[in-house]
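# A structural walkthrough
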There are 2 protein chains.
Amino acid sequence: MRVLDAKHCAINTATLGFQAPINLVIDAIARHGFAGIAPWRREIEGQSIKAVAKQIRDAGLEVTGYCRSTYIPANSRAEFEANIADNKLALNDAAELGAKSFVLVVGTLRDLVSARAQVRDGVAMLLDHARPLNVRLALEPLHPVYAADRSCITLAEEALDICDAIEGLVADPQLGILVDVYHLWWSATLKRDVERAGTAKRIFGFHVSDWLNPTVDILNDRGMMGDGVIDLKSIRQMVETAGYQGLVETEIFSTQNWWKKPMDETLRVIKERIITSV
Amino acid sequence: MRVLDAKHCAINTATLGFQAPINLVIDAIARHGFAGIAPWRREIEGQSIKAVAKQIRDAGLEVTGYCRSTYIPANSRAEFEANIADNKLALNDAAELGAKSFVLVVGTLRDLVSARAQVRDGVAMLLDHARPLNVRLALEPLHPVYAADRSCITLAEEALDICDAIEGLVADPQLGILVDVYHLWWSATLKRDVERAGTAKRIFGFHVSDWLNPTVDILNDRGMMGDGVIDLKSIRQMVETAGYQGLVETEIFSTQNWWKKPMDETLRVIKERIITSV
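Residues numbered from 1 in each chain as written. Chains lettered and ligands numbered in written order. Predicted model: local features only at pLDDT ≥ 70, side-chain atom pairs only at ≥ 80, totals over all residues.

## Some thoughts on the overall build of chain A
Check the secondary structure of chain A and you find 10 helices and eight strands. Relative to a compact globule of 278 residues, whose C-alpha radius of gyration would be 19 Å, chain A shows 18 Å and is just as compact. Viewed in the frame of its principal axes, chain A has a C-alpha envelope of about 45 × 45 × 40 Å. Within chain A, buried positions represent 51% of all 278 residues. Of all intrachain contacts in chain A linking residues separated by at least 6 positions in sequence, the fraction that spans at least 24 positions is 79%. (Helix = DSSP H or I, 4+ residues; strand = E, 2+ residues; numbered from the N terminus. Rg over C-alpha atoms; globule rule 2.2 N^0.38 Å. Buried ≥ 20, exposed ≤ 12 C-beta atoms within 10 Å, placed from the backbone. Contact = placed C-beta atoms within 7 Å.)

Pasting the structure below:
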């Protein structure tokens, strides 16, 4: 297994708590020697995307992903179509940013059967839009604790079934999944799922953070790598053995801890922890 | 699908908040017309089990399950063996109570691989002890949100794999699983897992409650059936179509709501909700 350092790693800007405008965030990430960035729409929309893209490019950063989709399923056809239209605009922006992937956090409904059907339909429509833009779609299965409010897709297996159903097995897929340790670490089928994803070349990203025990807030109390219970080295080995060679991306939602710290401190700790704990 | 009423249903005593001694709890459950009870060790140990068993029998109640195992995996062999010994004593009590199943909530460790191996070994040891006692072991896969502190077994598939590995496919299995909607409702593979469990005759219990959205406390904020997002009727249909004919058991952990109400009120609401919502 390769020894990680910052040049193998990307920073998902959510990790830094959205404290500063995107130009300062880009500067900080590049100054600390990281190789990639995954910005959020809230930091980008309403700005000159060309200028942001140029700054990122000039800083030598890869845009690993653009976060994230508007939730897809809805209780009316009109709302569903509005969600798809909104995601198409975001896909255009992802292309302009030069993002390798557009991250799909898909949403959910009380009626899971309908939610899942709408997600399948919606992702197929977005893939048609993404193809000429040369942006990949990265489905992110979320932890099952979010099944009621954020994602009807919780298992990697389920996400891969959707990929296979929509795109089929192709040499150079444009639809794949994100492997985020926070969402998938607990699963007894993780190795099987990662191997399947790797064989299909569908691992479009690898996100790290840690599961704190106890977790005080299920949404915004993710831990820094090494501070929780996840066996990060084992999971990285699975993902790399399955053929993933992309950047390792840190994504930590932590309103009460990391989001309150200066960006430079968080980035410095990440650089240590990717060596000791990932 | 059969129309449910109290005579098809059991009450897990945790639902009533452990407010009263077991003799009053038994009386209340029987008085409301329920057909079964699943008591907890904290209510039973230190009492005359013969007397409790007689009261339950005289009240015409079935003991669907005895809750629950001491966590199995440990960081030392001595501790592991103490856990097994403790569970053997509880199994003796389960037999004396006439419980159909002893409920296994298995525990976990930071090292999931070791935890899972110890659970496999420990369950095999307990099955040897349970066999002559004629008590079944009901493995309960817990929601993945508990993987760090309560159960390394989270998927029904995983629990069924353990059953198959230990007991093999037999006509009259003594090792099976609990299907608890709270733990499994979110899974896209639920139907497949339930069908597999039914084919193997391994569905030893069916627990209902509801997933509240939002959930304010991940351990003790379960909802009354009908107050949350779970499609209970669909899941009951899956379970009954798979061949389950046992009682439908209500188990609600709710420190801030149901546990504060008088037992009679909770039991009355359950009787309504099993008709309208399950």
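## A short note on the confidence of the model for chain A
The predicted model of chain A has a mean per-residue pLDDT of 97, with 100% of residues at 70 or higher. Model confidence for the complex: the whole-complex pTM is 0.97, and ipTM, which rates the interface, is 0.96. (pLDDT = per-residue confidence, 0-100.)

## Description of the packing of helix α3 (residues 49-58) of chain A against helix α4 (residues 77-97) of chain A
Residues and elements named next belong to chain A. At their nearest, the axes of α3 and α4 sit 8 Å apart, and the two run at 40 degrees to each other. Of the possible angle classes, the one that applies to α3 and α4 is oblique. Contact residues: α3 offers Ile49, Lys50, Val52 and Ala53, while α4 offers Asp93, Glu96 and Leu97. Partitioning the contact of α3 with α4 into residue classes produces four nonpolar, no polar and three charged. (Axes fitted to C-alpha atoms, helices over the stretch in contact; angles between N-to-C directions. Parallel < 35°, antiparallel > 145°, perpendicular 65-115°, else oblique. Nonpolar A, V, L, I, M, F, W, Y, C, P; charged D, E, K, R; others polar.)

## Regarding helix α8 (residues 190-199) of chain B
Residue pairs three or four apart in sequence face the same way in an α-helix, which turns once every 3.6 residues. Residue and element names in this part refer to chain B. Those residues of α8 that fall on the buried side of the exposure criterion are Asp193, Val194 and Ala197. On an axial view of α8, the arc spanned by its buried residues comes to 95 degrees, and they lie on one face. Residues of α8 that are buried in the fold lie against α6 (156-167), β6 (175-180), β7 (203-208) and α9 (232-241). (Arc of directions from axis to C-beta.)

## Here we look at helix α6 (residues 156-167) of chain A
Taking 1.5 Å per residue, 12 residues should reach 16 Å; α6 of chain A reaches 16 Å between its end C-alpha atoms and fits that length. Among the residues making up α6 of chain A, those that are buried are Ala156, Glu157, Glu158, Ala159, Leu160, Ile162 and Cys163 of chain A. (Expected span 1.5 Å × (residues − 1).)

## A few points about the nonpolar core
In terms of nonpolar packing, the biggest core is built from 187 residues, with Phe102 and Ile177 of chain A together with Phe102 and Ile177 of chain B touching the most fellow members. With residues up to four places along the chain from it excluded, the contact list for phenylalanine 102 of chain B reads Tyr66, Ser69, Ala90, Leu91, Ala94, Ala130, Val135, Leu137 and Ala138 of chain B. (Core = buried A, V, L, I, M, F, W, Y, C linked by C-beta atoms within 7 Å.)

## Considering the environment of alanine 147 of chain A
Checked against the element boundaries, alanine 147 of chain A lands in the loop between β5 (136-139) and α6. The exposure class assigned to alanine 147 of chain A is buried, which follows from the 24 C-beta atoms found within 10 Å. It is 13 Å that separates the C-alpha atoms of alanine 147 of chain A and leucine 184 of chain A, two residues lying 37 residues apart in sequence. Look past the residues within four positions of alanine 147 of chain A in its chain and what remains in contact with it is Thr108, Cys152 and Thr154 of chain A together with Trp186 of chain B.

## Concerning the packing of α6 of chain B against α8 of chain B
Residue and element names in this part refer to chain B. Close contact between α6 and α8 brings their axes to 9 Å; oriented N to C, the two are set at 25 degrees. It follows that α6 is roughly parallel to α8 by the angle criterion. In this structure, α6 meets α8 at a crossing whose hand is left-handed. Counting all contacts with α6, which are made through Ala156, Glu157 and Leu160, the residues of α8 involved are Asp193, Arg196 and Ala197. Considered class by class, the residues forming the contact of α6 with α8 number three nonpolar, no polar and three charged. (Left-handed = near helix turned anticlockwise from the far one by under 90°.)

## Here we look at the sheet that holds β7 of chain B
Residues and elements named next belong to chain B. Across the sheet, which stays open at both edges, the eight strands sit in the order β3-β2-β1-β8-β7-β6-β5-β4 with parallel pairing between neighbours. The sheet terminates laterally at β3 (62-63) and β4 (101-104), the two strands that pair on one side only. Across the sheet, α6 lies against β5 (136-139) and β6, angled at about 170 degrees from β6, the strand it touches most. (Pairing = 2+ DSSP bridges.)

## A word on the sheet that holds strand β7 (residues 203-208) of chain A
Residues and elements named next belong to chain A. Strand order across the open sheet formed by eight strands is β3-β2-β1-β8-β7-β6-β5-β4, with parallel pairing between neighbours. Bordering the open sheet on either side are β3 (62-63) and β4 (101-104), each of which pairs with just one other strand. Bridge analysis of β5 against strand β6 (residues 175-180) gives three bridges, and the strand direction is parallel. Opposite leucine 137, over in β6, you have leucine 175 as the bridge partner.

## What about the relation of the copies chain A and chain B?
The two chain copies are related to each other by a rotation about an axis together with a translation along it. For the pair chain A and chain B, the best superposition has an RMSD of 0.0 Å and corresponds to a rotation of 180 degrees with a translation of 0.0 Å parallel to the axis. Look at the turn and shift together and you get a two-fold axis relating the two. Interface residue correspondence from chain A to chain B reaches 100%, placing this contact among same-surface, isologous pairings. (Least-squares fit on C-alpha atoms with pLDDT ≥ 70 in both.)

## Quick notes on the pairing of β4 of chain B
All names here are of chain B. Burial along β4 is two-sided: the residues Ser101 and Val103 and Phe102 and Leu104 are all buried. Of the strand pairs in this sheet, β4 and β5 are connected by four bridges, and their pairing is parallel. Looking at β5, one finds that leucine 104 is bridged to leucine 139. In this fold, β4 hands off to helix α5 (residues 112-133), which returns the chain to β5; that crossover is right-handed. (Right-handed = clockwise from strand over helix to strand, strands pointing away.)

## Topic: the interface of chain A and chain B
Interface size is commonly expressed as the accessible area that is lost once the parts come together. In this assembly, 21 residues from chain A lie in contact with 21 residues from chain B. Tallied by class, the residues present in the side of chain A that touches chain B amount to 11 nonpolar, five polar and five charged.

## Concerning unusual backbone geometry
In most cases, non-glycine residues show a negative phi, while peptide bonds are predominantly trans. Residue and element names in this part refer to chain A. Each neighbour pair has its own omega, and for asparagine 213 with proline 214 the value is 5 degrees, a cis peptide bond. Inspection of the secondary structure puts proline 214 in the loop between β7 and α9 (232-241). Phi is positive for phenylalanine 18, close to 55 degrees, though the residue is something other than glycine. By the secondary structure assignment, phenylalanine 18 is in the loop between β1 (9-12) and α1 (22-31). Positioned with a positive phi, lysine 201 is a non-glycine residue whose angle comes to about 55 degrees. By secondary structure assignment, the location of lysine 201 is in the loop between α8 (190-199) and β7.

## Points about the environment of leucine 112 of chain B
Relative to the elements of secondary structure, leucine 112 of chain B occurs in helix α5. Leucine 112 of chain B gets classed as buried once you count the C-beta atoms within 10 Å, which come to 22. For the pair leucine 112 of chain B and methionine 125 of chain B, spaced 13 residues apart in sequence, the C-alpha to C-alpha distance is 20 Å. If near-sequence neighbours (up to four positions away) are discounted, leucine 112 of chain B is found in contact with Asp231 of chain A together with Cys152 of chain B.

## A word on the pairing of β5 of chain B
Every second residue of β5 of chain B is oriented toward a common face, with Arg136 and Ala138 of chain B on one face and Leu137 and Leu139 of chain B on the other, all of them buried. A crossover connection joins β5 of chain B to the parallel β6 of chain B through α6 of chain B; in handedness this β-α-β unit is right-handed.

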